Amino acid sequence: MNPDSFHATLTEDAPPASLTAPLQALWWDAKGNWPLAHQLVDELETTDGMAVHAYLHRKGGELGNADYWYRRAGRAYYRENLSEEWTALIEGLLSKDAH
């Protein structure tokens, strides 16, 4: 799957079953279901899960909590604009799935 095909799935009622939990979380976030998106990564102790968790808390206005998860993720996923960060996360996660 590439970013364009990922975007195309957003017309569906549920994400493709083949998506990882972090990608499913970003899918549900794009559909406006922040609580379900958060639930998918809330206890996911992977770098990818923590990066998406950080993004979701930042989007929710919880900057202190977001900073904690960014540190736990150990990477600089942060982008100035939330939509740019969402796109960067999607692109990075999909490129990992391609390998």
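This text goes with the structure placed above it.
Thresholds, definitions, all that
- Residues numbered from 1 in each chain as written.
- Predicted model: local features only at pLDDT ≥ 70, side-chain atom pairs only at ≥ 80, totals over all residues.
- Heavy atoms only, no water.
- Helix = DSSP H or I, 4+ residues; strand = E, 2+ residues; numbered from the N terminus.
- Polar contact = N/O pair within 3.5 Å; in protein donor to acceptor, adjacent residues only side chain to side chain.
- Contact = heavy atoms within 4.5 Å.
- Salt bridge = Lys/Arg side-chain N within 4 Å of Asp/Glu carboxyl O.
- Buried < 20%, exposed > 50% of the residue type's maximum accessible area, 1.4 Å probe, protein only.

The next point concerns the side chain of H53. Inspection of the secondary structure puts H53 in helix α4 (residues 47-59). Separated by 3.0 Å, the side chains of H53 and H38 make a polar contact. At 3.0 Å, the side chain of H53 forms a polar contact with the side chain of H57. Sequence-distant contacts of H53, defined by excluding residues within four places in its chain, comprise H38, V41, D42 and W69.

Within the structure shown, the criterion is met by 4 salt bridges. Close ionic contact of D48 with K96 constitutes a salt bridge, the shortest N to O distance being 2.7 Å. In this pair, D48 sits in helix α4 while K96 sits in helix α6 (residues 82-98), placing the two residues 48 residues apart along the sequence. For D48, a relative accessible area of 18% corresponds to the buried category. A salt bridge links E85 to R58; the shortest N-O distance between them is 2.3 Å.

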